[in-house]
Amino acid sequence: MQLKNNPLQHPQRVTLHNEIHARPPEAMSTPLAISHVVMVCDAAQRDASRAHVTTLLRDHHLPLPDAHATHFRMDIGPFRLRWELHTEFVSWTFLRTLPASNYVEREPEAAIDVVPQDWVAALPGQCLASLHLWALPDQADATSLVRHVLHEDSLVASGVAGGAGEVYTDFAIHADGFSRMLLFVDAASSEDAKTPSVDGLHMSPRRLGRMVQRLLEIETYRMAALLGLPAAREASSVLGSAERELAELAEAIRSATRNDEPLLLDRLTKLAGKVESQYAATHSRFSASTAYFELVDKRINDITETRLVGMQTIREFMDRRLSPARSTCEWVTRRQDALSQRVSRISNLLRTRVEIEQQQSSQALLATMNQRQDLQLKLQSTVEGLSVAAITYYIVGLVSYLAKGAHSLGWPLSGETTAALAVPVVGFAVWWSLRKLHRRIVGHDKHES
């Protein structure tokens, strides 16, 4: 819409401006159960996800989201839903407020337990990550709950938000297919966000919402980044065979004869096509993984971890367990680039060699053609001499006939004498005419060239 007295607006201005407000965190209060599900989707499944969430809202007689929305939040009664449409996946986050209680020897109820199970089972796409996260008020017996909910032998924990909370997880998939994470925050986090903090360690509802969102994104982006690992392993085997074949071709080129070069060039061209095809198939995946790895690092920085005594932090765990996968993807990318450059160099070398030999063959062919042209000129000169004699013979014959007829009419010389006298004159005239014609033709050819 063009506003009065305002300059012409860019058609994408509003969309670009609102991008900084995309997927904002929401205020949260403890105790809270969150279930987060990430589904990898293609284009058709992304559309199906939009239709799937529309079905849920319609069944609960709730307003439907905008047809072009990529994220929205909705209170459905027993739970709240947060739906986000990403480039490669769709995330579903279910939130449920828990009753105030001391959770010691039992696992708190999950948010997804109150969601229609048939509807959850029909989520479009393939599940990449699923996580139960509980945000609970800090309590003295939290250790007992941690041991009951998480695997103690793989436990990872740290203080977050500068000591305002503690997060515990084991990065394990449990029997129900979900990972688990516990976030303990100061009980004051459930108070109104406007209440000032005395010691600076209380977590306001908005700060808690941001913390939960970052923890969910760490798990989401960690799994999304690892999608490049299977592709890297598969590419490594293809690269190994391609490197061996390239080494064999390089050795064969050294001792190849002229007759071998077309076959070698054909093999090298096929190898180059194979390498470039694999590069094209995996480049976007590796680029996406690199971006996701960077997001994981950023989100870990955002939670501002502090060490808990005797515990491994999330950053330490990620550096130790995630770095090999990241290095593998980066190494395969560099290996692809290096192999592509090597194939290009050897191809250029072989083509240059073939071109040089073709030029040499062309020079030899031109030399042969020049020799043949010289022979043709000599033959042409011989033919021209014979042509002068033949033309002179026929013209003198005609002169002889004319002289004989003219002798009866008073011509003083006989036909034979007239013919004998005409031979040098006719021969010289014919020779001169042919030479003049030859010069005219040669001069015309030179002018055109």
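In this text the structure is predicted, and so the values were computed from the model without any measurement.

The rules we used
Residues numbered from 1 in each chain as written. Predicted model: local features only at pLDDT ≥ 70, side-chain atom pairs only at ≥ 80, totals over all residues. Heavy atoms only, no water. Helix = DSSP H or I, 4+ residues; strand = E, 2+ residues; numbered from the N terminus. Buried < 20%, exposed > 50% of the residue type's maximum accessible area, 1.4 Å probe, protein only. Contact = heavy atoms within 4.5 Å. Areas by Shrake-Rupley, 256 points an atom, 1.4 Å probe, with all protein chains shown as cover. Axes fitted to C-alpha atoms, helices over the stretch in contact; angles between N-to-C directions. Parallel < 35°, antiparallel > 145°, perpendicular 65-115°, else oblique. Left-handed = near helix turned anticlockwise from the far one by under 90°. Nonpolar A, V, L, I, M, F, W, Y, C, P; charged D, E, K, R; others polar. Phe/Tyr/Trp six-rings, centres within 6.5 Å; stacked < 30°, edge-to-face > 60°. Arc of directions from axis to C-beta. Expected span 1.5 Å × (residues − 1). Bend = angle between axes of the 7 residues up to and from the residue. Salt bridge = Lys/Arg side-chain N within 4 Å of Asp/Glu carboxyl O. Pairing = 2+ DSSP bridges.

**Student:** Honestly, the overall build of the protein in this entry has me stumped. Any pointers?
**Tutor:** On a plain count of helices and strands, the protein comes out with ten helices and eight strands. Here the protein holds 449 residues, and the buried ones make up 37% of them. Across the protein, contacts joining residues at least 24 apart in sequence account for 71% of those joining residues at least 6 apart. When the accessible surface of the protein is summed, it comes to about 26,200 Å², and 57% of that surface belongs to carbon and sulfur atoms.

**Student:** Mind showing me how you'd approach the packing of helix 6 (residues 228-254) against helix 7 (residues 261-302) here?
**Tutor:** When two helices pack together, their arrangement is captured by the angle between the axes and the distance separating the axes. In the contact formed by helix 6 and helix 7, the axes pass within 10 Å of each other and the chain directions differ by 160 degrees. Here helix 7 runs roughly antiparallel to helix 6, going by the angle between their axes. The handedness of the crossing between helix 6 and helix 7 is left-handed. Residues of the contact of helix 6 with helix 7, tallied by class, amount to 15 nonpolar, four polar and five charged.

**Student:** Where do I start with the packing of aromatic side chains in this structure?
**Tutor:** The geometry of an aromatic ring pair comes down to the distance between the two centres and the angle between the two planes. Per the stated rule, a full pass over the model turns up nine aromatic pairs. Both rings, one in Phe79 and one in Phe94, keep their centres 6.0 Å apart while their planes meet at 70 degrees; by these two values the pair is edge-to-face. Here Phe94 lies in strand 4 (residues 89-97) and Phe79 lies in the loop between strand 2 (71-75) and strand 3 (80-85), a separation of 15 residues in the sequence. Among the residues examined, Phe79 registers a relative accessible area of 2% and is labelled buried. Relative to Tyr292, the ring of Tyr221 has its centre 5.9 Å away and its plane inclined at 20 degrees; by these criteria the two rings are stacked. With Tyr221 in helix 5 (residues 205-225) and Tyr292 in helix 7, the pair connects residues that are 71 residues apart, well separated along the chain. Looking at Tyr292, the relative accessible area reads 11%, which means it is buried. One aromatic cluster in this structure is built from Phe72, Phe79, Trp83, Trp92, Phe94 and Trp119.

**Student:** Whenever I open this one, helix 4 (residues 142-149) confuses me. Can you help?
**Tutor:** Within an α-helix, residues lying three or four positions from one another point in the same direction, as the helix has 3.6 residues per turn. Ala142, Leu145, Val146 and Val149 are the residues of helix 4 that are buried. Taken down its axis, helix 4 places every buried residue within 100 degrees of arc, on the same side. Buried residues in helix 4 make contact with strand 5 (126-137), strand 7 (165-169) and strand 8 (179-185).

**Student:** Quick question: what am I supposed to make of helix 7 here?
**Tutor:** The end-to-end C-alpha distance of helix 7, which contains 42 residues, comes to 59 Å, matching closely the 62 Å that a straight helix rising 1.5 Å per residue would cover. At Thr282, helix 7 shows its strongest bend, of approximately 40 degrees. Within two residues after helix 7, Thr304 carries a phi angle of roughly 45 degrees, on the positive side.

**Student:** Any chance you could explain the environment of Val296 here in plain terms?
**Tutor:** Note on placement: Val296 falls in helix 7. Taking the C-alpha atoms as reference, Val296 lies 9.6 Å from Arg315; in sequence the two are 19 residues apart. If we skip the residues at most four places from it in the chain, Val296 touches Ile218, Tyr221, Arg222 and Leu322.

**Student:** Would you mind showing me how to read the pattern of salt bridges here?
**Tutor:** Any two side chains of opposite charge can pair, so long as their charged atoms come close to each other. For the structure on display, the rule yields 15 salt bridges. Two residues, Arg335 and Glu243, come together in a salt bridge whose shortest N-O distance is 2.9 Å. One end of the pair, Arg335, is in helix 9 (residues 323-408); the other, Glu243, is in helix 6, and 92 residues separate them in sequence. Residue class for Arg335 comes out buried when judged on its relative accessible area of 15%. The shortest N-O distance in the salt bridge between Asp302 and Lys298 comes to 3.0 Å. Here Asp302 pairs with Lys298, and both are found in helix 7, just four residues apart, close to one helical turn. Put simply, Glu217, Lys298, Arg299 and Asp302 are held in one network by salt bridges that share partners.

**Student:** Would you explain the pairing of strand 6 (residues 156-160) in this entry?
**Tutor:** Counting buried residues in strand 6 gives five out of five residues, a clear majority hidden from the surface. The alternating pattern of strand 6 places Val156, Ser158 and Val160 on one face and Ala157 and Gly159 on the opposite face, and all of these are buried. Examined bridge by bridge, strand 6 and strand 7 share five bridges and lie antiparallel to one another. Bridge pairing in strand 7 places Val156 opposite Thr169.

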